[in-house]
2 protein chains.
Amino acid sequence: MMASGKELCEGVEWRIRVVDGSSEVLVPPTGLARKVWLRTKGLISGLGMKVRMFLKQAWDMGANDPRKVIHCIKVGLALTIVSLVYFMRPLYDGVGGNAMWAIMTVVVVFEPTVGATLYKCLNRVCATCLAGFLAVGVHWIASQSGDRFEPLVVGASVFILASIATFSRFIPSVKSMFDYGAMIFILTFSIVAISGYRVDKLFDLAHQRISTIIIGTSLCILVIMLVCPIWSGQELHSLTVRNMDKLSDSLDGWFRCVTQYFTNSNGEDDQKLQGYKCVLSSKASEESMANFARWEPSHGRFNFRHPWKQYLKIGASMRSCAYCIEALNSCINSENQAAESIKKHLSTSCLKVSSSSSSAIKELAESVKKMNKSPTIDLLVEEMNSAVEELHNDLKSLSHLLNPSTTAENQISATGLVPFMEIIPVVTLASILIEISARIEALVGSVEELVKESEMKDKIVAKEEKPEGTMKALQRD
Amino acid sequence: MMASGKELCEGVEWRIRVVDGSSEVLVPPTGLARKVWLRTKGLISGLGMKVRMFLKQAWDMGANDPRKVIHCIKVGLALTIVSLVYFMRPLYDGVGGNAMWAIMTVVVVFEPTVGATLYKCLNRVCATCLAGFLAVGVHWIASQSGDRFEPLVVGASVFILASIATFSRFIPSVKSMFDYGAMIFILTFSIVAISGYRVDKLFDLAHQRISTIIIGTSLCILVIMLVCPIWSGQELHSLTVRNMDKLSDSLDGWFRCVTQYFTNSNGEDDQKLQGYKCVLSSKASEESMANFARWEPSHGRFNFRHPWKQYLKIGASMRSCAYCIEALNSCINSENQAAESIKKHLSTSCLKVSSSSSSAIKELAESVKKMNKSPTIDLLVEEMNSAVEELHNDLKSLSHLLNPSTTAENQISATGLVPFMEIIPVVTLASILIEISARIEALVGSVEELVKESEMKDKIVAKEEKPEGTMKALQRD
């Protein structure tokens, strides 16, 4: 009886009118245990669902980019090696209880790319040395100034140096090169200067810290450079090539989309079309990669001092193209649809412009990939420009199709003339396409500059390796 | 004699033809000391110049944003207080030589904003506790497995846990909330687990590390929240308002630029015009601020769980407007100049659209600033739409001015009709302006959503504080 009554209860909904006029559902009174059980069951199944989703996401990520998994294994490897160092008696005696610093160094310094790791390693070692020497000096001055002033001198020096070093981290030029170093400087200086008050073996402390840090950083550098290294420079290079391909695909996608627009068919290849959005959002990662790439030695086809900054310029040029593609979006989706006859009139030349721009960018990507001036790029740009010229001519002859009377604007007149409003979307589309081609020319310029600068740097490196020419000139003197 | 001979030498340039055909200047042989002196002088003056520039840059930065200076003083203050803790005997005995952990915590955890500091503090404390317990557990298992397997068990556990924790840092949801925590987890686990092999006082080590970290974090939280606190949420809010103002100023600048375009005068207010570029590049900082703001308690007019994510949506809407303004750029600077009569025909309505869009955005900025729905925004949007409508009508009547013949394209015919090509830039400009107004409507939508959500959260908080309504309903049950 009880059970059936409960079921009945659950079938009906009890509502009550609350002060503000809305009505609330009242939950019927059931057993507390049952309530708790239902709630718990819901929570557990929800949690299980979430955990499953999370694990699936993680698995997909690992499967999509196995290098991430390799990086994790590298971190585990480096940490295990460092614990071996700690286990081995002789080294343990050498670096004392501070061997922990080696572990800490490995954990903190190990980054996915070689450049980032080198940046952190060099910053850490240099900042530790500099701060160590300074702290020993300050400690010596403090010890000379008597017992009463000693804590004062130490405290004041910590306050002043920490404030200055923190301030320097805000300055863009310091931030890009020595942000981590400034933090380590404050850390080491404070610890050594303050410990100096208690621990007499100041030099020992400084020496131990520096030697353990050097052990840690060398191990990191060895592991990161020997086991499947990932170079920031190479990454930046590939990202640039990939973004160019995406830009080209987007334009190509627009080409198809424009075809559909001109032929009124449906079904866009949406994923390709959206590629330009990656270009829009990759500024931050480009900058950090270019920043880290500066620290990397020669690798693959890239010399030390490869013109990494030029990649940022190429990125900016690509983004300026992508902005225009974004604006193109609105023309295609515009509610103010264009007249069929106008579409037909301009379709050939519009398609030619978009396809020739797309292939020009594709060729540029190829040129960056191989890092030499493409032999066909000038031809492709010429082709693009002649397509633009053709579009210009088509636009000019458009006035033939126009109906000069505004009263007949909502109907195509018997003579085949169309009202002015119906050409606006197509004209806008055409002029944005023309603008895109102009921006692609700027992109061609920055890619050529990159290739030229990179070849120049290659020559300088070659000259430094074989300086006979200069030697001869000097001997003749 | 020697000196005059030298001077003579310096007057003449010696050139020599090198193998590749170019000629090189030969530096005449002068005294080595003089050379070194000149080189050194050049280096020193160059260095002096650089240092002066650097200091000026730093000074300007401090003068422009005194909060950065305050932050530096806060770091110095926190570090000096922590050294006092170390100087004081009782505390020193309590936390032992590990007091260094407190210093390290302060240096590493102290960030410019409250949100970022809280994020790091909570991550550090939780990760240290979790890793400490796990490490003690693993150490117990290792000690049960005999002397031979002990290092194996410890090494394997470090390898596996470090790899997993490193991998988790790649997962976006973990990265945004627990990136720092994962690193601290690896650090603490490795140190405690490996130290366990040598140091018997494992519990002491874990206890010391946790208590010093808690001292450091509490101090940081106190200093960051009591001395001129900078809230991530407030910063995000101000950045959004500021960006909206800049967008509005840019549109206003375009308004003037368009006036100049229509009246053929020169001299743009360039700085205002370029404001939209800030909007284009502020995505990364918006995201990190929204991320940190989640950790902050109620402050000012913002409750805990204020809809910070909505700010990201507003930012995206603003960027989509900014893309269009970027595209507008090309119309104004287009070489393909428009005919005067066309410009005159469209100028009034174009100017009306740009000024009404600008004032709509300004009103939106005001609305976000005060965090309530603006009473005039609907009116302004209506005004903007009617300006767009007017522009539409002007465009429609444009066909009257057109010269349908293409042969007379390069001259304005006697009847005052203009060739079709000369209207294209103006038409493009007009349609991009129309597109901007459409995107502003989307922006209005996202701002209204923010205001609504924020009011809703306010109500929930108010309800939680005074839950009489719910209580009554329950009593009636």
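Definitions and cut-offs
Residues numbered from 1 in each chain as written. Chains lettered and ligands numbered in written order. Predicted model: local features only at pLDDT ≥ 70, side-chain atom pairs only at ≥ 80, totals over all residues. Heavy atoms only, no water. Phe/Tyr/Trp six-rings, centres within 6.5 Å; stacked < 30°, edge-to-face > 60°. Helix = DSSP H or I, 4+ residues; strand = E, 2+ residues; numbered from the N terminus. Buried < 20%, exposed > 50% of the residue type's maximum accessible area, 1.4 Å probe, protein only. Lys NZ or Arg CZ within 6 Å of the ring centre and 35° of its normal. UniProt positions renumbered as here; feature names shortened; annotations may be inferred. Contact = heavy atoms within 4.5 Å. Salt bridge = Lys/Arg side-chain N within 4 Å of Asp/Glu carboxyl O. Expected span 1.5 Å × (residues − 1). Disulfide = S-S within 2.5 Å. Patch = residues over 30% accessible without salt bridge, like charges linked within 9 Å, V, L, I, M, F, W, Y side chains within 5 Å. Areas by Shrake-Rupley, 256 points an atom, 1.4 Å probe, with all protein chains shown as cover.

Evaluated as defined, the whole model comprises 11 aromatic pairs over all chains. Between the aromatic rings of Phe185 of chain B and Phe189 of chain B, the centroid separation amounts to 6.2 Å while the plane-to-plane angle is 10°, which identifies the pairing as stacked. Taken together, the positions of Phe185 of chain B and Phe189 of chain B, both in helix H8 (residues 172-198) and 4 residues apart, correspond to about one turn of that helix. For the pair formed by Phe185 of chain B and Phe189 of chain B, the shared burial category is buried. Aromatic ring contacts, followed pair by pair, group Tyr119, Phe292 and Trp295 of chain A into a single cluster. Lying across the ring of Tyr180 of chain A, Lys120 of chain A places its NZ or CZ 4.9 Å from the centre.

When the UniProt feature table is mapped onto this chain numbering, "transmembrane region" (unreviewed entry) sits at residues 69-87, 99-118, 125-143, 149-168, 180-198 and 210-232 of chain A. Secondary structure across residues 125-143 of chain A divides into 100% helix and 0% strand, with the first and last C-alpha atoms of the span separated by 27 Å.

The next point concerns the environment of Val279 of chain B. Residue and element names in this part refer to chain B. Position of Val279 among the secondary structure elements: in helix H12 (residues 276-280). With 42 residues separating them along the chain, Val279 and Cys321 place their C-alpha atoms 9.3 Å apart. Among residues more than four places away in sequence, those in contact with Val279 are Asn243, Leu247, Met318, Arg319 and Ala322.

What follows deals with the pattern of salt bridges. Taken as a whole and judged by the stated rule, the model has 29 salt bridges over all chains. Of the charged contacts, one joins Glu111 of chain A and Lys120 of chain A as a salt bridge, the two residues approaching to 3.1 Å between their closest N and O atoms. Judged by its relative accessible area of 22%, Glu111 of chain A falls in the partly exposed class. For Lys120 of chain A, a relative accessible area of 15% translates into the label buried. We note a salt bridge from Asp179 of chain B to Arg169 of chain B, for which the minimum N-O separation is 3.1 Å. One end of the pair, Asp179 of chain B, is in helix H8; the other, Arg169 of chain B, is in the loop between helix H7 (146-168) and H8, and 10 residues separate them in sequence. Residue classification places Asp179 of chain B among the buried positions, given a relative accessible area of 17%. Residues joined by salt bridges that share partners form a network here, namely Asp65, Arg67 and Glu235 of chain A.

All names here are of chain B. Taking 1.5 Å per residue as the helical rise, helix H9 (residues 202-226) with its 25 residues ought to reach 36 Å, and the 36 Å between its terminal C-alpha atoms agrees with that figure. Every buried residue of H9 is accounted for by Leu202, Ala206, Gln208, Arg209, Thr212, Ile213, Gly216, Thr217, Leu219, Cys220, Val223 and Ile224. Following H9 by one or two positions, Cys228 adopts a phi angle in the positive range, close to 35°.

Tallied over the entire structure, the rule returns 0 disulfides over all chains. Cys129 of chain B supplies the cysteine sulfur nearest to Cys126 of chain B, a cysteine that is in no disulfide, at a spacing of 6.7 Å.

Moving on, we get to a nonpolar patch on the surface. All names here are of chain B. Taken together, the side chains of Leu77, Ile81, Leu222, Leu226 and Val227 define a hydrophobic patch exposed on the protein surface, amounting to about 410 Å² of accessible area. Looking at the nonpolar patch, the elements with two or more residues in it are helix H3 (66-87) and H9. Here Leu77 is to be found in helix H3. The class of Leu77 is partly exposed, set by a relative accessible area of 36%.

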